[in-house]
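Structural overview
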Amino acid sequence: RVAASKPVRGVLGMVFCSFRSAPAGATGFDVWGTPGVNLYIVHNAEVLKIPSCVPRWPLNARVEVIVTMDAPSTEVNEDKVRGSDGRGSFPLSPVFSCLEISLDADINRSGTVTRRARNKKNWTWGPNGKGAILLVNCDKDDREADNMDNKDLMLQDMSLMILTTRGPDDIFDDHQLVLHVSASDDNKVGVFHAQGKWLHPNKYKHVLGSGKLSYLVERCGQAEDFFYVEGLAFPDTDFTGLVSFHATLLEELPEAPIFSDTVVFRVAPWIMTPNTLQPVTVYVCSVKDNADFVTDVKKLTQKAGCKLVICPEIENKGDRWIQDEMEFGYVQAPHKSFPVVFDSPRDRGLKNFPFKKILGPDFGYVTREAAQEKLSSLDSFGNLEVSPPVTVRGKEYPLGRILIGTYFPTAKGDQVVKDIQDFLYAQEVQSPIELYSDWLFVGHVDEFLTFIPAGDRKGFRLLLASPSACFKLLKEKNQEGYGDALMFDGQLGKKPISIKKILSDKSLKSCNEYFQKCIDWNRDVLKEELDLTEEDIIDIPQLFERSSSCKAHAYFPDLVNMIVLGKYLGIPKPFGPIIHEQCCLEAEVRRLLEPLGLSCTFIDDFKTYHALYGEIHCGTNTRRKPFSFKWWNMTP
């Protein structure tokens, strides 16, 4: 009885031979095989290839003969192994056949399928890592279709998987070759088999996924079968992102597996883009009262050389807060990359805009649903930011870290919907940081921080809103003799107030001292989690006032709530005290930022956004170019 009587994979396959067919009384043997058969002797933990310097081996249970073949058999049962005890030869196995079976994908991440690779079952991170990558097919190439491409045939979005089967066709008279996936991955992937001539297939058959767990691969006179694989789900709490496909050779009667080859894919994560990446497209809503604002944003995008998309009121239904509705990111595999919009669950006037107007050819879409009674303002995406790349105590975050605003750990309050948090954490590549934003009336992190590009140090600066810096600036102007200079001078709807009166307002000072403590708590978290020093942070003068719910909203237009388009910054016009014919707040911001090579443009959003508890960043959204760094080269 010899295992070599089964069809086995050549090249890497091994056959273990027993010696029950040896003549009685035999104590030693030598061995040989037909051309193409490689023989190895395992004796005393050593492996020697035949022929060797040892003329005869002891015939006992501690000696093994391993048989391999470099190429598949051309005919059934054409190969054999024989032995000799010195008195005559005897068969060590019946005749046998070698069949090569290999399930391959782009495990080297080069953009082409890697043939006959080893260690396909393991997916590893890093520049020397191995493992195939799969994109979620979440765009919509047919704009007339009601849904995304999911489960439709868009080969450009899919990863190629090749099943190679070489050997005698007659083997398949009593054997089956099955491609299969586990039940837990059934709703995570879709697989299509190219039909017809392999160089020019005329159709593609859906064979795995969405209820199909296995597929019998018929031998049709071709050595290679081409399969196209799409992802149907992003990584999440119930899905690591890893999917295994198996090609198994079965003996028909009794049905039993003889050999199986496995390849593992990882679904590409959704990646968010920070302010330091180059802008591509700016989005803004047109509503009945913001024509001047839209014009100013258009001028800024022209300076920055990026496209402007204006969402008309018929589509936004009076909802101007386009930053809160969605967040832009992208997915990437070695063979393709495309942007993906993440749609928030807030579902106000803009709720249909991402799906109906942004989703399209090579522009994907993802969302997480949530019961409306569970939602709070924290679930809008003005409360979602991402840092530029950082290195923290030796650990690299080459794609930055996501920032989520939530409640203070020791207090009860609103929290981001768990489904959103779980999704962001599950992507792995932008390890989220939770900040304290519930002290704000709206509750968004973009109300007290932003990042701007810089040519030195870490390549960026963190801007933080600072009541302390604002009071310091106003005190300096008062001491210089400008105490009567008015803030909000000429701004309808807001009573002008002098520097002296602002400084003497004990209630305003008291609440801003508390708000500064809230910002400082976040400052410490950011310094720790992003490995920042004080030189990496710029304090932007800002005051807040207390709302009826005792939470903070901006006293004058919130300067850090800006739009960053390369070196061009669109900053809310603060209407601060005029000194030497210029706003002293604007002058201070220019002094702080323009030495970094940045251009500051102050845009009036007072009535159209600030009075409604938002600013320029809240009223715009920006799609940016993806990172040049490939996510699979990092180690989470």
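Residues numbered from 1 in each chain as written. Predicted model: local features only at pLDDT ≥ 70, side-chain atom pairs only at ≥ 80, totals over all residues. Heavy atoms only, no water.

1. Some thoughts on unusual backbone geometry
The test is simple: Each helix corresponds to a stretch of at least 4 residues labelled H or I by DSSP, and each strand to a stretch of at least 2 residues labelled E; elements are numbered beginning at the N terminus. The classification of residues rests on relative accessible area computed with a 1.4 Å probe and restricted to protein chains. Under 20% of the type maximum is buried, over 50% is exposed, and intermediate values are partly exposed.
The backbone phi angle of Arg-457 is positive, close to 50°, even though this residue is not glycine. Relative to the elements of secondary structure, Arg-457 occurs in the loop between β30 (449-453) and β31 (460-466). Accessibility expressed as a relative area gives 49% for Arg-457, which makes it partly exposed.

2. Some words on helix α9 (residues 584-593)
Because an α-helix packs 3.6 residues into every turn, residues spaced three or four apart end up facing the same way. By the criterion of burial, α9 is predominantly enclosed, with seven of the 10 residues buried. For α9, the full list of buried residues reads Cys-584, Leu-585, Glu-586, Glu-588, Val-589, Leu-592 and Leu-593.

3. Some remarks on the nonpolar core
Condition: Residues grouped as a nonpolar core are buried Ala, Val, Leu, Ile, Met, Phe, Trp, Tyr and Cys residues, joined through side-chain atoms within 4.5 Å. Contact definition: two residues touch when any of their heavy atoms are within 4.5 Å.
Within the largest apolar cluster, 71 residues are counted, with the highest numbers of intra-cluster contacts made by Met-161, Phe-227, Phe-245, Trp-270, Leu-424 and Trp-631. If you tally residues by element for this core, the top one is strand β18 (residues 256-267), at five residues. Among all residues touching Phe-245, those that are not within four sequence positions of it are Leu-103, Met-161, His-180, Val-181, Val-189, Val-191, Leu-208, Val-229, Asp-261, Thr-262, Val-263 and Phe-265. The next biggest cluster of nonpolar side chains, apart from the first, holds 64 residues, and it includes Tyr-436, Val-445, Ile-519 and Ile-537.

4. Remarks on helix α1 (residues 291-304)
As a reminder, the rule being used: Every helix has an expected span of 1.5 Å times one less than the residues it contains. Arc definition: it is the arc formed by the directions from the helix axis to the C-beta atoms.
Helix length check: α1, at 14 residues, gives a terminal C-alpha distance of 20 Å against a target of 20 Å (1.5 Å per residue), a fit within 8%. Taken together, the buried positions of α1 are occupied by Phe-293, Val-294, Val-297, Leu-300 and Thr-301. The buried residues of α1 all sit within an arc of 120° when viewed along its axis, so they share a single face. For α1, the exposed residues set more than 90 degrees away from the buried face come down to Ala-291, Asp-292, Lys-299 and Gln-302. After α1 finishes, the residue Gly-305 shows a positive phi value of roughly 75°.

5. Regarding the pairing of strand β6 (residues 64-69)
For the record, the criterion: Two strands pair under a simple rule: DSSP has to find at least two bridges between them.
Summarising burial for β6: five of the six residues are buried, a large majority. Where strand β3 (residues 37-43) meets β6, six bridges bridge the pair, whose relative direction is antiparallel. When the sheet's bridge partners are listed, Val-37 is paired in β6 with Met-69.

6. A closer look at the sheet that holds strand β34 (residues 537-541)
Note the cut-off: Inter-axis angles, ranging from 0 to 180 degrees, are taken between N-to-C directions of lines fitted to C-alpha atoms, where helices are fitted over the stretch in contact.
Pairing is mixed in the open sheet, where three strands are placed in the order β30-β31-β34. Only two strands of the sheet have a single neighbouring strand rather than two, namely β30 and β34. Along the sheet, successive strands turn relative to each other by an average axial angle of 30°, direction set aside. On top of the sheet, helix α6 (residues 467-482) reaches β31 and β34; it is set at about 70° to β31, its chief contact. Here helix α8 (residues 506-530) sits on the sheet and contacts β30, β31 and β34; the angle it forms with β31, its principal contact strand, is near 165°.

7. Considering the state of the cysteines
Note on terminology: a disulfide is the covalent bond linking the sulfur atoms of two cysteines. The following threshold applies: What counts as a disulfide here is a pair of cysteine sulfur atoms lying within 2.5 Å.
Considering all chains together, one arrives at zero disulfides under this definition. We note that Cys-311 lacks a disulfide partner, and the nearest cysteine sulfur, in Cys-285, lies 4.3 Å from it. Look at Cys-311 and you get buried, because its relative accessible area is 1%. Its sulfur unpaired, Cys-470 is 8.0 Å from the next cysteine sulfur, which belongs to Cys-584.

8. A look at the sheet that holds strand β15 (residues 214-216)
Strand order in the open sheet formed by five strands is β10-β18-β17-β12-β15, and the pairing between neighbours is mixed. Every interior strand has two partners, whereas the edge strands, β10 (132-134) and β15, have only one. Geometrically, the sheet is characterised by an average inter-axis angle of 30° between neighbouring strands, direction not taken into account. In terms of strand pairing, strand β12 (residues 175-181) meets β15 through three bridges, oriented antiparallel. Each residue of the ladder has a partner; that of Leu-179, found in β15, is Tyr-215.

9. Here's the deal with the UniProt feature "active site" (unreviewed entry) in the protein chain
Here is the rule we go by: UniProt positions are given in the numbering used here, feature names are shortened, and annotations may be inferred rather than shown by experiment.
On the UniProt side, "active site" (unreviewed entry) is annotated at positions that read Asp-324, His-444, Asp-446 and Cys-618 here. In three dimensions, the annotated residues from a span of 295 residues occupy one location, with a maximal C-alpha spread of 10.5 Å. Counting through the fold element by element, His-444 comes out in the loop between β29 (433-436) and β30. His-444 gets classed as buried once you look at its relative accessible area, which sits at 1%. Filtering out sequence-adjacent residues up to four positions away, His-444 remains in contact with Asp-324, Ser-377, Ser-380, Gly-382, Asn-383 and Ser-437. Assignment of secondary structure puts Cys-618 in the loop between β41 (599-603) and β42 (620-624). Not counting the four nearest positions on each side in its chain, Cys-618 is found in contact with Arg-320, Trp-321, Ile-322, Gln-323, Asp-324, Asp-446 and Asn-561.

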